[in-house]
Amino acid sequence: RCLPVLSVWNKVNKRMMQKLKTDPDAPYPKLYLTSTDSSDAPTQFPCLYIKSLGEPTAGRDFQNTQCYITSTIELHVYSAASPNGSQTEARKIMDAAGDVMLGMGYELIAGPYPDNRQYFRVIARFRRIVGDGDNL
């Protein structure tokens, strides 16, 4: 039983929101989550930008229906340069976000690495194969 088009990006966003921001024990209730590129300058700090780098087909059945995708997600965590932000804050948020990604079965494929501008930013990429019926 395969679905015509699989997509998990929205599920990743919802899980990130739940685990980092809205759960009773969430570590970052004031974290600003966005699906809009914030590399020029986020409107709020701290900020987590969740970017899908694609969900291409990884497998089909004999009826040529998509059964698996390769989901690649890139996370950008921003912390203000001053007075309250720091590279340490950005790194801690990335560590928590990375734990959420690993908990959904993703593997870290790049980073995390810092990219400092007029603010602090940490970037990491995660990937996993997702099949019809998989739970994240």
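Scroll up to find the structure.
A few points on the structure. (Residues numbered from 1 in each chain as written. Predicted model: local features only at pLDDT ≥ 70, side-chain atom pairs only at ≥ 80, totals over all residues. Heavy atoms only, no water.)

On a plain count of helices and strands, the protein chain comes out with two helices and six strands. When the elements of the protein chain are put in sequence order from the N terminus, they spell out α-β-β-β-β-α-β-β. In terms of overall dimensions, the protein chain has C-alpha extents of about 60 × 30 × 20 Å along its principal axes. Taken over 136 residues, the protein chain has a buried fraction of 41%. Looking at the protein chain as shown, the accessible area adds up to about 7500 Å², and 48% of this sits on carbon and sulfur atoms. When the 16 basic and 14 acidic side-chain charges of the protein chain are each reduced to a single mean position, those positions are 2 Å apart. (Helix = DSSP H or I, 4+ residues; strand = E, 2+ residues; numbered from the N terminus. Buried < 20%, exposed > 50% of the residue type's maximum accessible area, 1.4 Å probe, protein only. Areas by Shrake-Rupley, 256 points an atom, 1.4 Å probe, with all protein chains shown as cover. Lys, Arg positive; Asp, Glu negative; His and termini not counted. Charge placed at Lys NZ, Arg CZ, Asp CG, Glu CD.)

Further remarks concern the pattern of salt bridges. Tallied over the full model, the rule gives two salt bridges. Among the salt bridges present, the one from Arg125 reaches Glu74, with a minimum N-O distance of 2.5 Å. A residue pair is termed long-range when its members are at least 10 positions apart, and Arg125 in strand S6 (residues 119-131) and Glu74 in strand S4 (residues 66-80) qualify at 51 residues. On the accessibility criterion, Glu74 (5% relative accessible area) is buried. A salt bridge links Arg91 to Asp95, with the shortest nitrogen-to-oxygen separation between them at 3.7 Å. (Salt bridge = Lys/Arg side-chain N within 4 Å of Asp/Glu carboxyl O.)

Right, let's get into the environment of Asp115. Examined against the element boundaries, Asp115 turns out to sit in the loop between strand S5 (107-114) and S6. Separated by 38 residues in sequence, Asp115 and Val77 have C-alpha atoms that sit 10.0 Å apart.

Right, let's talk about the pairing of S5 for a bit. Consecutive side chains of a regular strand alternate in pointing toward one face of the sheet and then the other. As judged from the five bridges shared by S5 and S6, these two strands associate in the antiparallel manner. Paired with Glu107 across the two strands is Arg127, which belongs to S6. (Pairing = 2+ DSSP bridges.)

Taking 1.5 Å of rise per residue, 17 residues should cover 24 Å, and helix H2 (residues 87-103) covers 24 Å from first to last C-alpha, within 8% of that figure. For H2, the complete set of buried residues consists of Ala90, Ile93, Met94, Ala96, Ala97, Gly98, Val100 and Met101. Turning to H2, the residues buried within the fold contact helix H1 (9-22), strand S2 (47-52), S4, S5 and S6. Gly105 sits one or two residues past H2 and shows a positive phi near 90 degrees. (Expected span 1.5 Å × (residues − 1). Contact = heavy atoms within 4.5 Å.)

Okay, the packing of H1 against H2 next. Viewed as axis vectors pointing N to C, H1 and H2 meet at an angle of 125 degrees, and their least axial separation amounts to 10 Å. Judged by the angle between their axes, H1 and H2 are oblique. Like other packed secondary-structure pairs, H1 and H2 cross with a definite hand, here right-handed. In this structure, H1 contributes Val12, Arg15, Met16, Lys19 and Leu20 to the contact, and H2 contributes Ala96, Ala97, Val100 and Met101. Across the contact of H1 with H2, the residue classes tally to seven nonpolar, no polar and two charged. (Axes fitted to C-alpha atoms, helices over the stretch in contact; angles between N-to-C directions. Parallel < 35°, antiparallel > 145°, perpendicular 65-115°, else oblique. Left-handed = near helix turned anticlockwise from the far one by under 90°. Nonpolar A, V, L, I, M, F, W, Y, C, P; charged D, E, K, R; others polar.)

Here the focus is the side chain of Glu74. Polar side-chain contacts of Glu74 include one of 2.7 Å to the side chain of His76. When near neighbours in sequence (up to four residues on either side) are disregarded, Glu74 contacts Tyr49, Ile50, Lys51, Leu53, Ile123, Ala124 and Arg125. (Polar contact = N/O pair within 3.5 Å; in protein donor to acceptor, adjacent residues only side chain to side chain.)

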